[in-house]
Amino acid sequence: NVDIRGLSKRKCTEDMVDACIEVMEDLFTPFPDPPGSYRDDRERIKSEYLDYVHGGAELFFLDGELVGFCGHHDGHLAEVCVRKPFQGRGYGEAIVRSVLKTVYDAGLGAQLTTGAYNSRAIRLYEKVGFKRVYESIRVTLAKPRVSR
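What counts, and at which threshold
Residues numbered from 1 in each chain as written. Predicted model: local features only at pLDDT ≥ 70, side-chain atom pairs only at ≥ 80, totals over all residues. Heavy atoms only, no water. Axes fitted to C-alpha atoms, helices over the stretch in contact; angles between N-to-C directions. Helix = DSSP H or I, 4+ residues; strand = E, 2+ residues; numbered from the N terminus. Parallel < 35°, antiparallel > 145°, perpendicular 65-115°, else oblique. Left-handed = near helix turned anticlockwise from the far one by under 90°. Contact = heavy atoms within 4.5 Å. Nonpolar A, V, L, I, M, F, W, Y, C, P; charged D, E, K, R; others polar. Phe/Tyr/Trp six-rings, centres within 6.5 Å; stacked < 30°, edge-to-face > 60°. Buried < 20%, exposed > 50% of the residue type's maximum accessible area, 1.4 Å probe, protein only. Pairing = 2+ DSSP bridges.

1. Things to note about the packing of helix α3 (residues 91–105) against helix α4 (residues 119–127)
Then, in step 1: Contact geometry for α3 and α4: axes closest at 10 Å, N-to-C directions at 50°. Our classification of the angle between α3 and α4 gives oblique. Taken as a pair, α3 and α4 cross one another with a handedness that is right-handed. Counting all contacts with α3, which are made through G92, E93, V96 and R97, the residues of α4 involved are L124, Y125 and K127.
Then, in step 2: Its residues assigned to classes, the contact of α3 with α4 comprises three nonpolar, one polar and three charged.

See the structure below:
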């Protein structure tokens, strides 16, 4: 069982997609790759976040307020987000650990990619067990499936 620090967790629904995009625009602008913004990438995000067969996105709330979320698709974690007012309080770790449990329960290993400059995120990912696999301008990290 994963301690999610008093957060409630919900699968992303269509009416939540735009809120996720606004958080990503706030946290990650400028957009690292084409098409140029998360708003411009809405259809891909919507498709992946609502794809419950291959993953989807999990959103985490505290007293009804969105704290953060993480998308995942076939074991690849994407857009790990914690809104600025909630950063530095352990919620990122709780979110990643909870999503990892979902991924492992599906019988998958986990991986993610982040910018090599993002030392804060890399420390978080290594803290929860990811290891560096490849590094260039971006760092790819993987965490093998835990055998039971």
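That covers the picture; the talk isn't over yet.
2. Concerning the packing of helix α1 (residues 17–28) against helix α2 (residues 42–49)
Then, in step 1: It is the contact of α1 with α2, at a shortest axis distance of 10 Å, that shows an interaxial angle of 120°. Of the possible angle classes, the one that applies to α1 and α2 is oblique. With respect to the hand of their crossing, α1 and α2 are arranged in right-handed fashion. Contacts between α1 and α2 involve V17, D18, C20, I21 and M24 from the former and R42, I45, K46 and Y49 from the latter.
Then, in step 2: Per-class residue counts for the contact of α1 with α2 are six nonpolar, no polar and three charged.

3. Points about the side chain of T114
Then, in step 1: One can find T114 in strand β5 (residues 110–115).
Then, in step 2: Every residue in contact with T114, bar those within four places of it in the chain, is listed here: A121, I122, Y125, R138, V139 and L141.

4. What about the packing of aromatic side chains?
Then, in step 1: Under the definition given, this model contains four aromatic pairs.
Then, in step 2: Ring centres 6.0 Å apart and planes at 75° place the aromatic pair F86 and Y91 in the edge-to-face group. Across this residue pair, the class does not change: F86 and Y91 are buried.
Then, in step 3: Arranged with centres 6.1 Å apart and planes meeting at 70°, the rings of Y125 and F130 form a pair that is edge-to-face. In this structure, Y125 and F130 share a single accessibility class: buried.

5. Focus on the pairing of strand β7 (residues 138–143)
Consecutive side chains of a regular strand alternate in pointing toward one face of the sheet and then the other.
Then, in step 1: Of the two faces of β7, the one lined by V139, L141 and K143 is fully buried and the one lined by R138, T140 and A142 carries no buried residue.
Then, in step 2: One ladder, built from six bridges, connects β5 with β7; its direction is antiparallel. If you follow Q111 over to β7, its bridge partner there is A142.
Then, in step 3: Inspection of the sheet shows strand β6 (residues 131–135) paired to β7 by four bridges, in the antiparallel sense. Across the sheet, Y134 pairs through a bridge with T140, a residue of β7.
Then, in step 4: Between β6 and β7, which pair antiparallel and follow one another directly, the connecting turn spans two residues.

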